[in-house]
Amino acid sequence: MDFRVVVSDPKSGKAYQVELKDPGASKLLGKHIGEKIEGEVLGMPGYSMQITGGSDREGFPMRADLPGSKRRKILLSTGTGYHPTAEGKKKRKSIHGRDVSHDIGQINVKVVESGAKSLEELLGMAPKKESPE
């Protein structure tokens, strides 16, 4: 079991992709959208993150107001998973519940509290310094 985690930094406006494999991935099972997690799970000590969404392995989006960890067909008028073209239009769509389970492929998180080191340093993407010529 592994997850693709997209870490968004609201301060810099950048997003970073992290592959999370076992045993760290199993620590996220049972968490749901809106819950806070510690950065140590993702290899970012000192950071605190909040789960903002995600999608399952087939690409169906997670929705914060749908409890459970299964995919269901629900009638939507707006929000995650459906953006109507006309006012009042509704459609039945397949949406995944808010809980993280084995069939989740991607999890989106945002940084709530920053650590001592920058995200670029922790992920090994530190900007290259220009050499004086």
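Residues numbered from 1 in each chain as written. Predicted model: local features only at pLDDT ≥ 70, side-chain atom pairs only at ≥ 80, totals over all residues. Heavy atoms only, no water.

A closer look at the overall build of the chain
Step number 1: Secondary structure assignment for the chain yields 1 helix and 7 strands.
Step number 2: The helix and strand sequence of the chain, counted from the amino end, reads β-β-β-β-β-β-β-α.
Step number 3: Along the first, second and third principal axes, the C-alpha atoms of the chain reach 60 × 35 × 25 Å.
Step number 4: With 133 residues in all, the chain has 33% of them scored as buried.
Step number 5: Put simply, 57% of the contacts in the chain that link residues at least 6 apart link residues at least 24 apart.
Step number 6: Surface accessibility of the chain: about 8,200 Å² in total, with carbon and sulfur atoms responsible for 48%. (Helix = DSSP H or I, 4+ residues; strand = E, 2+ residues; numbered from the N terminus. Buried < 20%, exposed > 50% of the residue type's maximum accessible area, 1.4 Å probe, protein only. Contact = heavy atoms within 4.5 Å. Areas by Shrake-Rupley, 256 points an atom, 1.4 Å probe, with all protein chains shown as cover.)

Things to note about the sheet that holds strand β3 (residues 36-38)
Step number 1: Read from one edge to the other, the open sheet built from 5 strands follows the order β2-β1-β7-β4-β3, with strand pairing classed as mixed. For this open sheet the edge positions go to β2 (14-21) and β3, each flanked by a neighbour on one side alone. Strand-to-strand twist in this sheet, taken as the mean axis angle between neighbours without regard to direction, amounts to 35°.
Step number 2: By the bridge criterion, 8 bridges tie strand β4 (residues 48-56) to strand β7 (residues 104-113) in an arrangement that is antiparallel. When the bridges of β7 are listed, serine 48 appears paired with glutamate 113. (Pairing = 2+ DSSP bridges. Axes fitted to C-alpha atoms, helices over the stretch in contact; angles between N-to-C directions.)

Focus: the environment of threonine 80
Step number 1: With respect to the helices and strands, threonine 80 occurs in the loop between β5 (71-76) and β6 (91-96).
Step number 2: With a relative accessible area of 42%, threonine 80 lands in the partly exposed category.
Step number 3: Beyond its immediate chain neighbours, meaning those up to four positions away, threonine 80 contacts Pro61, Met62, Arg63 and Ile95.

Topic: the pairing of β7
Step number 1: Strand direction decides the pairing type here: strand β1 (residues 2-9) and β7, joined by 5 bridges, are parallel. In the strand pairing of β7, valine 6 is matched with asparagine 108.

Remarks on the pattern of salt bridges
A side chain with one charge may pair with a side chain of the opposite charge, provided their charged atoms come close.
Step number 1: Applying the stated criterion across every chain yields a total of 6 salt bridges.
Step number 2: Where lysine 14 meets glutamate 120, a salt bridge forms, and the shortest distance between an N and an O atom there is 3.3 Å. Within this pair, whereas lysine 14 is found in strand β2, its partner glutamate 120 is found in helix α1 (residues 119-122), the two being separated by 106 residues in sequence.
Step number 3: The exposure class assigned to lysine 14 is partly exposed, which follows from its relative accessible area of 42%. (Salt bridge = Lys/Arg side-chain N within 4 Å of Asp/Glu carboxyl O.)

What about the nonpolar core?
General note: in soluble globular proteins, nonpolar side chains tend to be found buried as a group.
Step number 1: By size, the foremost hydrophobic cluster in this structure holds 23 residues, and its most contacted members are Val7, Met49 and Val109.
Step number 2: Broken down by element, this core gets its largest block of residues, 4 residues, from β7.
Step number 3: Not counting chain neighbours up to four residues away, the residues in contact with valine 109 comprise Val5, Val6, Val7, Ser8, Ile37, Leu42, Met49, Gln50, Ile51 and Thr52.
Step number 4: Core analysis: the second largest hydrophobic core is formed by 5 residues, Leu66, Ile74, Leu76 and Tyr82 among them. (Core = buried A, V, L, I, M, F, W, Y, C linked by side-chain atoms within 4.5 Å.)

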